[in-house]
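Per-entry structural report
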Amino acid sequence: MIGIKAIASYLPNRVIDNIAQAKMFGESEEFIKNKIGAVRLPRKDDDQETSDIATLAVQALFKKCQNLKKSNVDAIVVVTQNPDGEGLPHTAAILQDKLGLPVTVAAFDVSLGCSGYVYGLFLLKGFLEASGLENGILVTADPYSKIVDSNDRLTSLLFGDASTATWLSKTPVWSLDAVLYGTDGSGSEYLKVDEGRLQMNGRQIFNFAAHNVAPHIKKLLESESLSPEDIDLFCLHQGSAAILDAISKHFGNLTNRFVKEMKNTGNTVSSSIPLILENRGFDGKLNRILISGFGVGLSMASAIIVRNIQGERLC
Amino acid sequence: MLTKEKIVEIINGCGLSLDHQETSQDVTFKSLGVDSLDFFNVLEEIEEITGKKVPDGDVAKLTNIKELLEYFS
């Protein structure tokens, strides 16, 4: 049974002071803290490529997990919509070389944004199981600083750069349980790149999340005969503090189980969920977590992951 | 039917503490302390209640409670 064994990450040291940036746009410190949720936004160096920040996350994973050897990696998948160069060749191939992984490794990119981590987990699990393979690394590396226009108030206050690496193996700490997907391409225009510049219809993106994510999560729970109270932690994509508030208010007195952890990262696209899981998912305190990613596409994916105590002993 | 009281109640759901009797219909949302994200929230909730969608092009026209009431009347 393939699942999540370990997670590591990379956050660039260079950061943007988001409160100072907000003042340039005429926004208040209170707005940044309460609505955006990020007071610092990590930024990769200008000469760092997507594969460079991906490499640093995977190297952190190797350092954390001494029992994960390069020679044992069967597959590596990169979730990104901001790949190296112009996307050809795929970043995963470049990453294979930079990491010195065996040439026998399967490597491919997945073009998804904020829902990409949830999709990627199940995609890689299915790929490994269907291929009779054992160890895969799911990388998220989607540096929006490549496409954000620093003069655009809507997007430059939101996004931070980060990368993560998740080891999927047969002895997981977290088993992948039920999953639910969703796509509404009629909203694809609301978040897109045009002439190299990110363009966002903030209201429509907000509405999509505020209107659809809570019912999506509840539908998943109902399909598993679970109630929200059965979930120890709701680990949602950290779009903005306001979006998380708009979703969590549909869960009554359980709002304190919704993670809001973007103060020093901002919206890191597909990296936001694994960043939280890395920090909160491996101290043995939680048994069932709901993860949910939503955004560009418009796309949604929600899943339940369940703690596997046996896997912890083997880590 | 959408009322001033209901709009104030929805705004207060965003974390503000407006008194519906003291709040003027003509004062801009910005002056009331309703920021852009609060306003997305307010509109989303009103759309849900009324079943009427507000096209993006109309949003800039809705700057105070009075204009909201007229729009949804």
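The model shown is predicted, which means the values in this text are computed figures rather than measured ones. (Residues numbered from 1 in each chain as written. Chains lettered and ligands numbered in written order. Predicted model: local features only at pLDDT ≥ 70, side-chain atom pairs only at ≥ 80, totals over all residues. Heavy atoms only, no water.)

**As for the overall build of chain A**
- In terms of helices and strands, chain A carries 10 helices and 13 strands.
- Computed over C-alpha atoms, the radius of gyration of chain A comes to 18 Å, within 12% of the 20 Å expected from 2.2 N^0.38 for 315 residues, which places it in the range of a compact globule.
- Of all 315 residues assigned to chain A, the portion counted as buried reaches 57%.
- For chain A, the proportion of contacts with a sequence separation of at least 24, taken over those separated by at least 6, is 78%.
- Treating the 31 positive side-chain charges of chain A as one cloud and the 35 negative ones as another, the clouds have centres 6 Å apart. (Helix = DSSP H or I, 4+ residues; strand = E, 2+ residues; numbered from the N terminus. Rg over C-alpha atoms; globule rule 2.2 N^0.38 Å. Buried < 20%, exposed > 50% of the residue type's maximum accessible area, 1.4 Å probe, protein only. Contact = heavy atoms within 4.5 Å. Lys, Arg positive; Asp, Glu negative; His and termini not counted. Charge placed at Lys NZ, Arg CZ, Asp CG, Glu CD.)

**Let's talk about the sheet that holds strand β13 (residues 299-307) of chain A**
All names here are of chain A.
- Overall, mixed pairing links the 9 strands, which are arranged β5-β4-β6-β7-β1-β8-β13-β12-β11 in an open sheet. Edge positions in the sheet fall to β5 (106-110) and β11 (233-236), since each has one partner strand and no second. Adjacent strand axes in the sheet meet at a mean angle of 25 degrees when their direction is disregarded.
- By the bridge criterion, 8 bridges tie strand β8 (residues 174-183) to β13 in an arrangement that is antiparallel. By the bridge assignment, Leu176 is partnered in β13 with Ile305. (Pairing = 2+ DSSP bridges. Axes fitted to C-alpha atoms, helices over the stretch in contact; angles between N-to-C directions.)

**Comments concerning the packing of helix α1 (residues 4-12) of chain B against helix α3 (residues 36-50) of chain B**
Residues and elements named next belong to chain B.
- Packing of α1 against α3 leaves a shortest axis separation of 9 Å and a crossing angle of 135 degrees. Put simply, α1 runs oblique to α3. Regarding α1 and α3, the two cross each other, and that crossing is right-handed. Between α1, through Lys6, Ile7, Ile10 and Ile11, and α3, the contact on the second element is made entirely by Val42, Glu45, Ile46 and Ile49.
- Split into classes, the residues belonging to the contact of α1 with α3 amount to 6 nonpolar, no polar and 2 charged. (Parallel < 35°, antiparallel > 145°, perpendicular 65-115°, else oblique. Left-handed = near helix turned anticlockwise from the far one by under 90°. Nonpolar A, V, L, I, M, F, W, Y, C, P; charged D, E, K, R; others polar.)

**Structural notes on the interface of chain A and chain B**
- Listed as interface residues are 15 residues of chain A and, on the opposing side, 15 residues of chain B.
- At the boundary of chain A with chain B, total buried surface from both sides reaches about 1300 Å², with 48% on carbon and sulfur atoms.
- It is Lys35, Arg203 and Phe206 of chain A that lose the most area in chain A upon contact with chain B, and together they represent 46% of the buried surface on that side.
- Our count for the contact surface shared by chain A and chain B stands at 5 salt bridges.
- Between Arg203 of chain A and Glu47 of chain B there is a salt bridge whose closest N-O contact spans 2.6 Å.
- If you look at where chain A meets chain B, you find 10 residue pairs in polar contact (both at pLDDT 80 or more).
- Of all the secondary-structure elements, those providing two or more residues to the side of chain A that touches chain B are α2 (29-36), α7 (202-223) and α8 (241-248) of chain A. (Buried area = accessible area lost by both parts, 1.4 Å probe. Salt bridge = Lys/Arg side-chain N within 4 Å of Asp/Glu carboxyl O. Polar contact = N/O pair within 3.5 Å; in protein donor to acceptor, adjacent residues only side chain to side chain.)

**Thoughts on the pairing of strand β10 (residues 197-200) of chain A**
All names here are of chain A.
- With burial as the criterion, only one face of β10 is covered, namely that bearing Leu198 and Met200; the residues Arg197 and Gln199 on the opposite face remain uncovered.
- The pairing of strand β9 (residues 191-194) with β10 spans 4 bridges and is classified as antiparallel. When the bridges of β10 are listed, Lys192 appears paired with Gln199.
- Where β9 hands over to β10, the hairpin turn is made up of 2 residues, of which Glu195 adopts a positive phi near 50 degrees.

**Considering the side chain of Glu27 of chain A**
Residue and element names in this part refer to chain A.
- Here Glu27 is to be found in the loop between α1 (18-24) and α2.
- For Glu27, the side chain forms a polar contact with the side chain of Arg153, separated by 2.6 Å.
- Apart from the residues within four sequence positions on either side, Glu27 is in contact with Ala22, Arg153 and Leu157.

**Notes on the packing of aromatic side chains**
- A complete count under the given rule lists 9 aromatic pairs over all chains for this structure.
- Judged by centre distance (5.3 Å) and plane angle (65 degrees), the rings of Phe108 of chain A and Phe127 of chain A are edge-to-face. With a gap of 19 residues between them, Phe108 of chain A in strand β5 and Phe127 of chain A in helix α5 (residues 116-131) connect regions that are remote in the sequence.
- The ring of Phe251 of chain A has Lys218 of chain A sitting right over it, with the charged end atom 4.9 Å from the ring centre.
- Over the face of the ring belonging to Tyr71 of chain B we find Lys52 of chain B, whose NZ or CZ atom lies 4.2 Å from the ring centre. (Phe/Tyr/Trp six-rings, centres within 6.5 Å; stacked < 30°, edge-to-face > 60°. Lys NZ or Arg CZ within 6 Å of the ring centre and 35° of its normal.)

**Points about unusual backbone geometry**
Residues and elements named next belong to chain A.
- Following Leu88, the chain continues to Pro89 via a peptide bond in cis, the omega torsion being 10 degrees.
- Tracing the sequence through the fold places Pro89 in the loop between β4 (75-79) and α4 (91-99).
- The peptide bond linking Gly297 to Leu298 adopts the cis configuration, its omega dihedral lying at 0 degrees.
- Despite not being glycine, Glu195 shows a phi value in the positive range, around 50 degrees.
- In this structure, Glu195 sits in the loop between β9 and β10.

**Some thoughts on the environment of Ile276 of chain A**
Residues and elements named next belong to chain A.
- With respect to the secondary-structure elements, Ile276 resides in helix α9 (residues 272-280).
- Here Ile276 falls in the buried class, since its relative accessible area comes to 1%.
- Separated by 55 residues in the primary sequence, Ile276 and Leu221 place their C-alpha atoms 21 Å from one another.
- Setting aside chain neighbours within four positions, we find Ile276 in contact with Cys235, Leu236, Gln238, Val259, Glu261 and Gly281.

Functional significance is not addressed by these values, which are geometric in nature.
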